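# What the coordinates show
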Amino acid sequence: KLLAATGNDSLALTEMQKAISLDSTKAGEVYTELADWAGKKKDYAGVISFLQKKKKATGSLTNNDWFDLGKAYYWSGQGKLREASDLAAEYKKKKKPEGPDAIAARKQSDSLFVLADSAFVNLAALNPSWPVSHVWRGRANAMIDPEASTDSTKMHYEKVLSLLKPEDLKGSYKNYAVEAYEYLGYYYVKKKDEAKAKETWLKVKDLEPNNENAKFYLNPPKQKAQAGQKTQAK
């Protein structure tokens with residue numbers, strides 16, 4: 001820990017691994033520490049690796065572990081998706097068909113979002129009444145099905161809203177409620193259900209009067225266009 005605190009990460013890792021070799025009962029504690037270090041550096045591959053090792057060594061993960069693992073998969077998926085988009089843009093710029101590297105990156109991103117969802121499934125099983133686990137399931141599924149062709153994302157955001165009490169909407173869960181209603185507004189626009197879309201966007205406006213997506217749907221500048229963007233985690 002002292003080596004890590006002074007920036008000697010590689011030496012710190014060596015010492016931590018030595019601790020596990022000397023006393024396997026320390027594996028859970030050590031891998032938790034290593035995953036935490038990796039998370040602070042946004043080394044999502046490291047978080048995934050260390051938590052996978054912890055699960056193998058101890059047979060289980062905690063609520064926090066599943067949460068961190070799910071987020072690590074999610075942000076890794078976002079990174080791969082950006083890579084795929086950049087590669088696709090280069091091919092388009094050169095007026096060439098999309099190459100295998102772009103296709104592979106997109107497939108990898110999809111796989112990572114699926115793994116993220118699986119981690120949040122485990123989190124929700126351990127703490128079913130916590131709305132945030134369902135928020136992250138909604139985010140992961142929104143990336144898996146960006147066109148809302150199924151109800152896979154809708155059901156999770158509806159679950160979020162069902163778990164929130166009226167007082168939560170004005171407290172720390174307000175942003176999650178706005179996110180859930182924004183997605184549902186987007187969903188109903190995609191499904192061309194104008195009545196439900198308007199009802200939902202009005203709820204967004206009620207919670208957040210200056211919400212740009214709600215303004216765009218309820219008061220379009222010229223003609224009514226599809227409103228609501230795929231929700232991204234902040």
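An account of the accompanying structure is given in this report. Predicted model only: the values in this text are computed from it and were never measured.

### A closer look at the pattern of salt bridges
- All chains considered together, the criterion is met by 14 salt bridges.
- Lysine 40 is paired through a salt bridge with aspartate 36; the nearest N and O atoms lie 3.3 Å apart. Here lysine 40 pairs with aspartate 36, and both are found in helix α3 (residues 27-40), just four residues apart, close to one helical turn.
- Overall, the relative accessible area of 66% leaves lysine 40 in the exposed class.
- Residue classification places aspartate 36 among the partly exposed residues on the basis of a relative accessible area of 37%.
- The partner of aspartate 68 in a salt bridge is lysine 71, with the nearest N and O atoms 4.0 Å apart. Here lysine 71 and aspartate 68 lie together in helix α5 (residues 63-93), a separation of three residues that amounts to about one turn.

### Some remarks on the packing of α5 against helix α6 (residues 100-126)
- Contact geometry of α5 with α6 gives a least axis separation of 7 Å together with a crossing angle of 165°. Relative to α6, the element α5 lies roughly antiparallel. Read as a crossing pair, α5 and α6 show a hand that is left-handed.
- Its residues assigned to classes, the contact of α5 with α6 shows 20 nonpolar, eight polar and five charged.

### Remarks on α5
- For α5, with 31 residues, the first-to-last C-alpha span of 45 Å sits near the 45 Å given by 1.5 Å per residue.
- Count one or two residues on from α5 and you reach lysine 95, which has phi positive near 55°.

### Notes on the nonpolar core
- Leu34, Leu69 and Tyr74 are the most contacted members of the largest nonpolar core, which has 32 residues in total.
- Broken down by secondary-structure element, the contributors of at least two residues to this core are α2 (9-22), α3, α4 (44-58), α5, α6 and α7 (131-144).
- When residues in this core are grouped by element, the largest group, seven residues, is from α3.
- Counting 23 residues, the second-largest nonpolar core is a separate cluster that includes Ala148, Ala180, Tyr181 and Val204.

### Quick look at the packing of aromatic side chains
- Evaluation of the coordinates by the stated rule reveals 13 aromatic pairs.
- Ring geometry for phenylalanine 67 versus tryptophan 136: centroids 6.3 Å apart, planes at 80°, classification edge-to-face. Placement of phenylalanine 67 in helix α5 and of tryptophan 136 in helix α7 is noted, with a sequence separation of 69 residues between them.
- Owing to a relative accessible area of 15%, phenylalanine 67 belongs among the buried residues under this scheme.
- An aromatic cluster is defined as three or more aromatic residues linked by ring pairs; in this entry it consists of Phe67, Tyr74, Trp75, Phe113, Phe120, Trp130 and Trp136.
- For lysine 71, the ring lying beneath its charged end belongs to phenylalanine 67, and the centroid distance is 4.1 Å.

### As for the environment of alanine 116
- Along the chain, the position of alanine 116 falls in helix α6.
- Between the C-alpha atoms of alanine 116 and tryptophan 136, which are 20 residues apart in sequence, the distance is 8.5 Å.

### Here we look at the environment of threonine 6
- With respect to the helices and strands, threonine 6 occurs in the loop between α1 (2-5) and α2.
- As a C-alpha pair, threonine 6 and aspartate 86 span 80 residues in sequence and 36 Å in three-dimensional space.
- Of note is the side chain of threonine 6, whose polar atom sits 3.0 Å from the backbone oxygen of leucine 3.
- Here the side chain of threonine 6 touches asparagine 8 through a polar contact of 3.1 Å, side chain to side chain.

### Brief notes about α2
- For α2, built from 14 residues, the straight-helix expectation of 20 Å at 1.5 Å per residue is met to within 8% by its first-to-last C-alpha distance of 20 Å.
- Among the residues of α2, those classed as buried are Ala12, Met16 and Ile20. Seen along its axis, α2 keeps its buried residues to an arc of 80°; they face one direction. When the buried face of α2 is taken as reference, the exposed residues oriented beyond 90 degrees from it are Ser10, Ser21 and Leu22.
- Buried residues along α2 sit against α1 and α3.

What counts, and at which threshold
Residue positions are counted from 1 within each chain, in the order its sequence is given. In keeping with the model being predicted, local features are shown solely for residues with a pLDDT of at least 70 and side-chain atom pairs are shown and tallied solely at 80 or more, while totals for entire chains, interfaces and linings include all residues. Calculated side-chain values reflect all of the structure's heavy atoms, with hydrogen atoms and water omitted. Within this document, salt bridges are pairs made up of a side-chain nitrogen of Lys or Arg and a carboxyl oxygen of Asp or Glu, the two lying within 4 Å of each other. Each helix corresponds to a stretch of at least 4 residues labelled H or I by DSSP, and each strand to a stretch of at least 2 residues labelled E; elements are numbered beginning at the N terminus. Only protein chains enter the accessibility calculation, which uses a 1.4 Å probe; a residue whose area is less than 20% of its type maximum is buried, one above 50% is exposed, and one in between is partly exposed. The axes are straight lines fitted to the C-alpha atoms, using for helices just the contacting stretch, and the angles between their N-to-C directions are given from 0 to 180°. What sets the label is the angle itself: under 35 degrees gives roughly parallel, over 145 gives roughly antiparallel, 65 to 115 gives roughly perpendicular, and the rest give oblique. Each crossing gets its handedness from the near helix: less than a right angle anticlockwise from the far helix is left-handed, clockwise is right-handed. Residue type decides the class: Asp, Glu, Lys and Arg count as charged, Ala, Val, Leu, Ile, Met, Phe, Trp, Tyr, Cys and Pro as nonpolar, and the leftover types, Gly among them, as polar. In this scheme, a helix's expected span is set at 1.5 Å multiplied by one less than its residue total. By nonpolar core we mean a set of buried residues, namely Ala, Val, Leu, Ile, Met, Phe, Trp, Tyr and Cys, connected to one another through side-chain atoms within 4.5 Å. Only Phe, Tyr and Trp rings are paired, with Trp represented by its six-membered ring, and only when their centres lie within 6.5 Å; those with planes under 30 degrees apart are stacked, over 60 edge-to-face, the remainder tilted. Charges are assigned to positions over rings by a cutoff of 6 Å between ring centre and Lys NZ or Arg CZ, combined with an angular limit of 35 degrees from the ring normal. Pairs of N or O atoms are called polar contacts if they sit within 3.5 Å, as long as, within protein, a hydrogen donor faces a hydrogen acceptor (for residues adjacent in sequence, only side-chain-to-side-chain pairs). An arc is given here, and it is the one of the directions from the helix axis to the C-beta atoms. Residues count as neighbours in contact if any of their non-hydrogen atoms are within 4.5 Å of one another.

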